Amino acid sequence: MSNIIEFKNVSKTYDSGTHALNNCSLNIEKGEFVFIVGASGAGKSTFLKLIMHEETPSRGTIIVNGTNVSTLKRKKVPYLRRNMGIVFQDFRLIDKMTVYDNVAFAMRAIGARPSAVKKRVPYILNLVGLSHKAQNRPSELSGGEQQRVSLARALVNNPSIIIADEPTGNIDPEMSYEIIGLLSEINAQGTTILVVTHEHQLVRRFNKRVIEIEKGKVISDTKEPVITDEEVEFDDSKFELDPLPDDLAEAIEQAERAVEETPEEELSQSAPETTEETEEAVSDESEDKEAQQCE
Ligand SMILES: Nc1ncnc2c1ncn2[C@@H]1O[C@H](COP(=O)(O)OP(=O)(O)OP(=O)(O)O)[C@@H](O)[C@H]1O
Ligand SMILES: [Mg+2]
């Protein structure tokens, strides 16, 4: 397996003088699911912002998808982000737009055909349980609903990497479980997933690689659960979001082909349902990890 993300001796010091990351080296392979944990202020968001080139490192090299992003020119950033779905800690939804348009906007931004947008956006909103809020503005939604709009926007372009900064920070335990379950299913289809979370019970439940950051350093990187609080039983019967099709890319292609073949006058009526009914076992498999170190 090849690395999709490489950090070589990366440090980040903000202009304020805060050392947010300190000489970090680690690799993330294509197709991995990684939880990033650590106390508030530890450097988790900084780590993600360096990957998406929202911040640049003070020292070291960062390679994403074979591109050295440490030295990436600003105008090349959209090409980097094309393959990334990002759930920001502060959502960053556009309140002048409806929920539907917030998600559609991400597709239009990369030049998707109107017919594809029309097919795909309702599908994704349905996936995150928000079809009924499609015509609302973000400010009319609860924090958890806004978080799910942000997730929908991250998923809509079928990216090869999903970077989610506390995607469950504002939602109850059952919905958190559903969201991580959904990401886990997407991961089982090959998408690399990085999730920052404070929810130790979720981390224990899903048994993925866990990178723990403390004061800007990676202090552990393991698949063994490192958290010792009481196990919480989740009720699987409450896992209500629609399962993904076996092959998401194929399903999208099929949906797009169907739209191509549909007469224009039919398309201009209400968007059709596109949910696929497929059972997909969530794979908890993960492979041995490259050693990481921070000094
Ligand atoms: N734009 C910035 N300018 C200056 N300092 C910053 C900036 N962003 C973050 N920091 C500082 O860098 C450190 C790491 O911040 P970061 O946002 O990465 O933490 P975090 O682990 O994501 O925390 P949280 O769990 O609270 O979101 C903190 O001390 C923070 O105050
Ligand atoms: Mg943060």
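Presented here is an overview of the structure given in this document. Computed from a predicted model, the values in this text were never measured in an experiment.

With burial as the criterion, each face of strand β6 (residues 84-87) is covered, one bearing Met84 and Ile86 and the other bearing Gly85 and Val87. Sheet topology note: the β6/strand β7 (residues 161-165) ladder contains four bridges and is parallel. In the sheet register, Ile86 faces β7, and the bridge partner there is Ile163.

Leave glycine aside and you will find that most residues have negative phi; peptide bonds, for their part, are mostly trans. A positive phi is found at Asn65, a non-glycine position, where the angle reads about 55°. Mapped onto the fold, Asn65 is located in the loop between β4 (59-64) and β5 (67-68). Of note, Asn207 is a non-glycine position whose phi angle comes to about 50°, a positive value.

At their nearest, the axes of helix α3 (residues 99-109) and helix α5 (residues 143-155) sit 8 Å apart, and the two run at 25° to each other. The pairing of α3 with α5 is recorded here as roughly parallel in orientation. For the pair α3 and α5, the crossing hand works out as right-handed. Of the residues in α5, those in contact with Val99, Asn102, Val103 and Ala106 of α3 are Val149, Ala152 and Arg153.

Turning next to the nonpolar core. Core analysis: the largest hydrophobic core is formed by 70 residues, its most contacted members being Ile36, Val103, Ile124, Ala152, Ile163, Ala164 and Leu183. The element that contributes the greatest number of residues to this core is helix α6 (residues 173-188), accounting for seven residues. Leaving out residues up to four positions away in the same chain, Ile163 has contacts with Leu48, Ile51, Met52, Met84, Ile86 and Leu194.

Thresholds, definitions, all that
Residues numbered from 1 in each chain as written. Chains lettered and ligands numbered in written order. Predicted model: local features only at pLDDT ≥ 70, side-chain atom pairs only at ≥ 80, totals over all residues. Buried ≥ 20, exposed ≤ 12 C-beta atoms within 10 Å, placed from the backbone. Helix = DSSP H or I, 4+ residues; strand = E, 2+ residues; numbered from the N terminus. Pairing = 2+ DSSP bridges. Axes fitted to C-alpha atoms, helices over the stretch in contact; angles between N-to-C directions. Parallel < 35°, antiparallel > 145°, perpendicular 65-115°, else oblique. Left-handed = near helix turned anticlockwise from the far one by under 90°. Contact = placed C-beta atoms within 7 Å. Core = buried A, V, L, I, M, F, W, Y, C linked by C-beta atoms within 7 Å.

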